[in-house]
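For reference, the chains in residue letters:
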Amino acid sequence: MPNPIRIQFVCLGNICRSPLAKAVFRDKVKDAGLEEHFEIVSSGTSNYHIGDQADRRMRQTAERNGHSLEAHRASQFQAEDLESFDHIFVMDKSNLNDVLHLDENDEYGGKVRLFREFDPDPDDYQVPDPYHGGREGFENVYDIVNRTSDALLHRLVEEHGLAEHVE
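Quick caveat, the model's predicted, so the values are computed rather than measured.

Draft legend 1. Main features of the pattern of salt bridges. Evaluated as defined, the whole model comprises 13 salt bridges. The salt bridge involving Arg17 is made with Asp92; its shortest N-O contact spans 2.9 Å. Of this pair, Arg17 sits in helix α1 (residues 17–31) while Asp92 sits in the loop between β3 (87–90) and α4 (93–101), and the two are 75 residues apart along the sequence. For Asp92, a relative accessible area of 12% translates into the label buried. A salt bridge links Arg135 to Glu139; the nearest nitrogen and oxygen atoms lie 3.9 Å apart. In this pair, Arg135 and Glu139 are both assigned in helix α5 (residues 135–159), 4 residues apart and thus about one turn of the helix distant. The exposed category is assigned to Arg135, whose relative accessible area is 54%.

Draft legend 2. Structural context of the nonpolar core. By size, the foremost hydrophobic cluster in this structure holds 36 residues, and its most contacted members are Ile7, Phe9, Phe25, Phe38 and Phe115. Broken down by secondary-structure element, the contributors of at least two residues to this core are β1 (5–11), α1, β2 (38–44), α2 (56–64) and α5. The element that contributes the greatest number of residues to this core is α5, accounting for 9 residues. Beyond its immediate chain neighbours, meaning those up to four positions away, Phe38 contacts Pro4, Ile5, Ile7, Phe25, Val29, Leu153, Leu156 and Leu162. Residues Phe85, Ile88, Val112 and Leu114 belong to the second largest nonpolar core, which totals 11 residues.

Draft legend 3. The arrangement of the side chain of Ser42 in detail. Within the secondary structure layout, Ser42 lies in strand β2. In this structure the side chain of Ser42 is engaged in a polar contact, spanning 2.9 Å, whose partner is the side chain of Asn14.

Rules used throughout
- Residues numbered from 1 in each chain as written.
- Predicted model: local features only at pLDDT ≥ 70, side-chain atom pairs only at ≥ 80, totals over all residues.
- Heavy atoms only, no water.
- Salt bridge = Lys/Arg side-chain N within 4 Å of Asp/Glu carboxyl O.
- Helix = DSSP H or I, 4+ residues; strand = E, 2+ residues; numbered from the N terminus.
- Buried < 20%, exposed > 50% of the residue type's maximum accessible area, 1.4 Å probe, protein only.
- Core = buried A, V, L, I, M, F, W, Y, C linked by side-chain atoms within 4.5 Å.
- Contact = heavy atoms within 4.5 Å.
- Polar contact = N/O pair within 3.5 Å; in protein donor to acceptor, adjacent residues only side chain to side chain.

Functional significance is not addressed by these values, which are geometric in nature.
Structural data, given as structure tokens:
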């Protein structure tokens, strides 16, 4: 496909939630045979961890659930990303505000959504940050990301007319 659907997942530091969302969604896209139709990345709104691996606890959680974060290196969301990406899914309302703040001319707000808008059980529509918690918090984030990624992929397949390409 000459113009893949460009997806970016965004959290604060790009070491926990958004790398996991990228990996889980990427693997679901691959399992559906739709790899050539998507470009999937993640970033953070802060510059705290640029170049760092995903948090060790999140790498372990991902691995326990069949996903790899080993190749991930944190990067920071840039204003140019608003134009470059088709869909930007943020993990919480603070990140939503930070991303929209970069949209100086209010041109791209329709591309930026809370990730959990697609969660069948959205609670407060935010993916909680597990960074300061224990294993249970990381597993909870995995469960949220896993079910939301299923619903998101279904929605994007429908929205972009990809049903005939699903394996």
